[in-house]
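Analysis of the macromolecular model
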Amino acid sequence: MAKDLSAKDIERAKFVFSIYDFEGNNTVDAYDLGSCLRALNLVPTEKVVEKLGGQKKKGQKKLKVDEFLPLYAECKKDKDIGNVEDFTEVLKLYDKNENGMMYYDELKHILQTLGEKLEGSEVEEIVKDCAEPADDEGLTTYTLFLRKLMAGPYPGDED
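Residues numbered from 1 in each chain as written. Predicted model: local features only at pLDDT ≥ 70, side-chain atom pairs only at ≥ 80, totals over all residues. Heavy atoms only, no water.

Turning to the packing of aromatic side chains, a few remarks are in order. Across all of its chains, the model carries three aromatic pairs by this definition. A centroid spacing of 5.7 Å and a plane angle of 45 degrees characterise the contact between Phe17 and Phe68, whose relative ring orientation is tilted. In this pair, Phe17 is assigned in helix 1 (residues 7–19) and Phe68 in helix 4 (residues 65–77), connecting sequence segments 51 residues apart. Of the two residues, Phe17 and Phe68, both sit in the buried class. (Phe/Tyr/Trp six-rings, centres within 6.5 Å; stacked < 30°, edge-to-face > 60°. Helix = DSSP H or I, 4+ residues; strand = E, 2+ residues; numbered from the N terminus. Buried < 20%, exposed > 50% of the residue type's maximum accessible area, 1.4 Å probe, protein only.)

A few words on the UniProt feature "domain: EF-hand" (unreviewed entry) in the protein. Following the UniProt record, the feature "domain: EF-hand" (unreviewed entry) maps to residues 8–43 and 82–117 here. Between the first and last C-alpha atoms of residues 8–43 the distance is 19 Å; the span itself is 53% helix and 8% strand. (UniProt positions renumbered as here; feature names shortened; annotations may be inferred.)

Here the protein shows a mean pLDDT of 87. Residues at 70 or above account for 91%. Predicted confidence is poor over residues 155–159, with pLDDT under 50, and the contacts of this stretch with residues over four places away or in other chains come to seven contacts. (pLDDT = per-residue confidence, 0-100. Contact = heavy atoms within 4.5 Å.)

This part covers the nonpolar core. Core analysis: the biggest nonpolar cluster contains 22 residues, and Leu33, Leu37, Leu52, Phe68 and Tyr72 have the highest contact counts within it. Within the residue set of this core, elements represented by two or more residues are helix 1, helix 2 (33–39), helix 3 (46–52) and helix 4. A total of six residues in this core trace back to one element, the largest contributor, which is helix 4. Setting aside its immediate chain neighbours within four residues, Tyr72 contacts Leu5, Asp9, Ala13, Leu37, Leu40 and Leu42. Counting residues in each nonpolar core, the second largest holds 13 residues, with Leu91, Ile110, Tyr142 and Leu146 among its members. (Core = buried A, V, L, I, M, F, W, Y, C linked by side-chain atoms within 4.5 Å.)

All right, on to the pattern of salt bridges then. On inspection of all chains with the given rule, the structure shows eleven salt bridges. For Lys108, the salt bridge identified is with Asp105, shortest N-O distance 3.9 Å. Note that Lys108 and Asp105 are positioned in helix 6 (residues 104–113) at a spacing of three residues, about one turn of the helix. On the basis of relative accessible area, Lys108 is assigned to the buried category, the value being 18%. The partner of Lys148 in a salt bridge is Glu132, and the shortest N-O contact between them spans 2.8 Å. Of the two residues, Lys148 sits in helix 8 (residues 142–151) while Glu132 sits in the loop between helix 7 (120–130) and strand 4 (139–141), which places them 16 residues apart along the sequence. Beyond isolated ion pairs, a larger network of salt bridges with shared partners links Glu23, Asp29 and Lys62. (Salt bridge = Lys/Arg side-chain N within 4 Å of Asp/Glu carboxyl O.)

Here you go:
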């Protein structure tokens, strides 16, 4: 499956792998699999990381680079991630006046309770960085929020 990767992908993956090789023995703890993949500009959920062999505790499993590359290739091929249009359709369900606005507090509640669970502090940081402040009625523009949220920057975008 690593044959699906370009030479540049393999070079980047090996570089990221070396960063997470904290012991210097050419292995990465499977606990850090999700972090490695995210450092490679991928956005796997915790469920996907677990399916690929990621562990919830450190020291349970070690990966070698030749084991990591196929996991990277599999995750890279996964197109089951949403885009701005998909998420806009979902948030339209909360647009009571059909004007592109939703309640700011409802947006925070959705982020904290639906999908992959986020802590309150994570939600606060996300809305602070991506959402317009609530207006006098407590509403915010969800399309602007989604565009900012999904715009990045992401690791590896600099080239």
